Amino acid sequence: MPPVCDTLSGMKRGNLLTLLIVIGLVAGCLFGQFALYDANDPIDGSHWTKQTGDLILIRPLMLMIIPLVFVSVVAGVTSIGDPSKLGVVGGSTVLYYLVTMLLAVSLGAVLVSTLRPGNLDADTQARLQTGAAQEYERSGGIATTIQRAREDRTDNLGGAWRNILHQLIPRNLIDEMAQGRTLGVIVGALMLGLAIAMGGTRTEILVRVFEALFDAIMRLVSWIIWLTPPGVFLLVAWTVGKIGFQELVGPLSKYMLTVVIGLAIHGLIVLPLVLTLFTRRNPFQFMWQMRRALMTAFGTDSSSATLPVTIESAETEGGCSKRSANFVLPLGATINMDGTAIYEAVAVVFLFQLYGIELAFSELLIVMITATLAAIGAAGIPSAGLVTMVIVIAAVNTSLGGRDVPQLPVSAIGVIIGVDRIIDMCRTTVNVWGDAVGAKIITKIAPDTVEELEAARG
Ligand code: ASP
């Protein structure tokens, strides 16, 4: 048993950190709005607040990701041990991801079809359409990424599948690591973990090596977490300073509201219901226990960068087993994106509405299927969902071509690029919440053993 004063000081430290992150978020909003925002001179992507935020928070967190994913998945798999049990855990995890993402995308499709945020007056529609191409060109990085996807032919459905399959069967693990492609790293770690688990006494030493490495990396993470308050302050200040709260009441307000309503229903009603159904626990207590990860996701716009904090919170406060969290959370940060799925469905249908293109029910189904795929394929980094959205637009355009209906230009996404960062903060929070709920549910199937719990308590 740890001494009572240690536990108390641990709790106090945790609460202090939470308080500091909240202060960082609120102060960031205020500083961004009142000190940085200027409608006549919008701040650019290389502004000092963004650069400093990247430097002190994003880069250290990113540095942890590949070693953490590799070591955590190997340690998770070896602790599950029995391959048949691993199959059940893996199967349940993937099933959970798919079902919740399909629920999310359906919710998005229903909301956007009923609220119809794209039905604006003709003048506003024309103004937004004219501005779109310019905004798209000005976005630089996003337009280039989309152009590259077109050249690599990954901007369509077949290409998206091929891309996922190539990551699932990597050719060179070191290359996957160097490129930061976590899916390939997870597959490599899974195979190694399985081989170690089946090696019996001959590989037993490796089990302990990976567990020790995992503990060491988590210690590093617990230091880096203290960079979260200033980091989120700077990043949020940059976002608000660039966009300004004025946008919340501008012509895109109905679109933004539709996405936020979808995210709120999914995060506050659907996922808590799923969690209660499987664990019979109070979902909001668990949400509170995961607060640091959720706030970090909100501040950083990146599930991958948040992953170290998510694992830390899930295991120390959230009561998730190591076996579940080590395996479910890295995979979740890579492929499980409920928030992105809702957003892609709403954004694509919104753009078609704005351009006066009516979608038939079959096209709405195409949106739902491809938006799920696009969300799976989106990396856990800022704006990834905006880029994979071209897959959804291309698929719908192909179907419209068959009906001889005009198609949506890809540059139409220029309409929403300007406000994307704010939406990204919200959808990333729901993405991380979905992963955490998954880890809690899978803890039921794969709890830590009594001996492990006792060893952890020292
Ligand atoms: N930023 C999101 C994430 O990291 C991905 C997206 O752009 O939707 O989860």
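Note: the structure precedes this text.
Predicted model, so just to flag it, every value in this text is computed and none were measured.

## Topic: the packing of helix α16 (residues 338–354) against helix α18 (residues 384–403)
Orientation of α16 relative to α18, taken along the N-to-C sense of each, is 50°, at an axis distance of 10 Å. Comparing the axis directions of α16 and α18 gives the class oblique. By crossing handedness, the relation of α16 to α18 is classed as right-handed. Across the interface between the two elements, Thr340, Tyr343, Glu344, Ala347, Val348 and Phe352 from α16 touch Gly385, Leu386, Thr388, Met389, Val392, Ile393, Val396, Asn397 and Leu400 from α18. Residue composition of the contact of α16 with α18, grouped by class: ten nonpolar, four polar and one charged.

## Topic: the packing of aromatic side chains
The full count for this structure, using the stated rule, is six aromatic pairs. Where Phe31 meets Trp48, the ring centres are 6.5 Å apart and the plane angle is 70°; that geometry is what we call edge-to-face. Of the two residues, Phe31 is situated in helix α1 (residues 4–36) and Trp48 in helix α2 (residues 48–80); the sequence distance between them amounts to 17 residues. An aromatic cluster of at least three residues, connected via ring pairs, comprises Phe31, Trp48 and Phe233.

## Remarks on the packing of α16 against helix α17 (residues 361–377)
Packing of α16 against α17 leaves a shortest axis separation of 9 Å and a crossing angle of 140°. The orientation of α16 relative to α17 falls into the category oblique. In the crossing of α16 with α17, the sense of the turn from one axis to the other is right-handed. Here Thr340, Ala341, Glu344, Ala345, Val348 and Val349 of α16 come into contact with α17, specifically with Leu364, Val367, Ala371, Ala374 and Ala375. The residue makeup of the contact of α16 with α17, split by class, is nine nonpolar, one polar and one charged.

The rules we used
- Residues numbered from 1 in each chain as written.
- Predicted model: local features only at pLDDT ≥ 70, side-chain atom pairs only at ≥ 80, totals over all residues.
- Heavy atoms only, no water.
- Axes fitted to C-alpha atoms, helices over the stretch in contact; angles between N-to-C directions.
- Helix = DSSP H or I, 4+ residues; strand = E, 2+ residues; numbered from the N terminus.
- Parallel < 35°, antiparallel > 145°, perpendicular 65-115°, else oblique.
- Left-handed = near helix turned anticlockwise from the far one by under 90°.
- Contact = heavy atoms within 4.5 Å.
- Nonpolar A, V, L, I, M, F, W, Y, C, P; charged D, E, K, R; others polar.
- Phe/Tyr/Trp six-rings, centres within 6.5 Å; stacked < 30°, edge-to-face > 60°.

Purely geometric numbers; function is a separate question.
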